[in-house]
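What the coordinates show
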Amino acid sequence: SFQTGMGAALAVLGRSNPPPVVLVLHNPFKSWNFRVIAWSGRRWFDQVVCVSESNRDLLLDLGAPADKVISIPNGVDTERYTPHANERLPGPLRVGIVARIEVYKSHDILIEAARKLILEGVQLEVHLCGSGSYEEKLRHKVKAYGMDSHVRFLGMREDVHDVLRNLDVFAL
């Protein structure tokens, strides 16, 4: 998390010979995160790695030093993750997400949307691949909505490419 990264950086600053400090910036959710990183990047971080050019550009616009901010975009191996060619598995529409199950990942929005579609008669399954601290609360919400038969908690998986191939819709 942002707070953990900043805490780690502050912890090593007091050392007489601190190790290099690299902050990986996935997705800051509050604009003040960007401002703090832009300001602190001048002295606290040896490198800030962003997962998108837009995040990098925003940091640079806020004054972060260009030589310390790089972008390494998320990538997908399109050979490995190609859907089954012109084939759809029989059954309901499969919508899924592959992510840690945390509040800030907004699985709730997917569940709410699925609930509305199911109430309208759409044959739908939701596949949740991952685990996390919000999983138990999300399971309770699914149960309270009576969606147990429509939502599959897949847990942590090594075969993510197979999970993705079997989805009709991938939700971010």
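Every value quoted in this text rests on a predicted model; they were computed, and no experiment measured them.

Notably, S106 is not glycine yet its phi reads approximately 60 degrees, a positive angle. On the secondary structure map, S106 appears in the loop between β4 (93-98) and α4 (107-119). Given the relative accessible area of 32%, S106 is considered partly exposed.

Our focus in this paragraph is the pattern of salt bridges. By the definition in use, this model includes four salt bridges. The closest approach of N and O atoms between E125 and R152, which form a salt bridge, is 3.0 Å. Here R152 lies in strand β6 (residues 151-155) and E125 lies in strand β5 (residues 124-129), a separation of 27 residues in the sequence. Using a relative accessible area of 31% as the deciding quantity, one classes R152 as partly exposed. We note a salt bridge from R157 to D159, for which the minimum N-O separation is 2.8 Å. Among the residues examined, R157 registers a relative accessible area of 31% and is labelled partly exposed. You can call D159 partly exposed: its relative accessible area is 23%.

Let us now look at helix α5 (residues 135-144). Taken together, the buried positions of α5 are occupied by E135, L138 and V142. Burial along α5 is one-sided: seen end-on, the buried residues are contained in an arc of 60 degrees. Opposite the buried face of α5, at more than 90 degrees from it, the exposed residues are K137, K143 and A144. Where α5 is buried, its residues meet α4, β5 and β6. At the C-terminal side of α5, G146 shows a positive phi close to 70 degrees.

Relative to the elements of secondary structure, L60 occurs in helix α3 (residues 53-61). Owing to a relative accessible area of 24%, L60 belongs among the partly exposed residues under this scheme.

On to α4, then. The terminal C-alpha atoms of α4, which comprises 13 residues, lie 18 Å apart, in line with the 18 Å expected from a rise of 1.5 Å per residue. Burial in α4 covers these residues: H107, D108, L110, I111, A114 and I118. Down the axis, α4 shows its buried residues gathered within 160 degrees of arc, on one side only. Residues of α4 that are exposed and angled more than 90 degrees away from the buried face: I109, K116 and L119. Where α4 is buried, its residues touch β4, β5, α5 and β6. Among the residues trailing α4, G121 stands out with phi positive, at a value near 100 degrees.

Basis of the calculations
Residues numbered from 1 in each chain as written. Predicted model: local features only at pLDDT ≥ 70, side-chain atom pairs only at ≥ 80, totals over all residues. Heavy atoms only, no water. Helix = DSSP H or I, 4+ residues; strand = E, 2+ residues; numbered from the N terminus. Buried < 20%, exposed > 50% of the residue type's maximum accessible area, 1.4 Å probe, protein only. Salt bridge = Lys/Arg side-chain N within 4 Å of Asp/Glu carboxyl O. Arc of directions from axis to C-beta. Contact = heavy atoms within 4.5 Å. Expected span 1.5 Å × (residues − 1).

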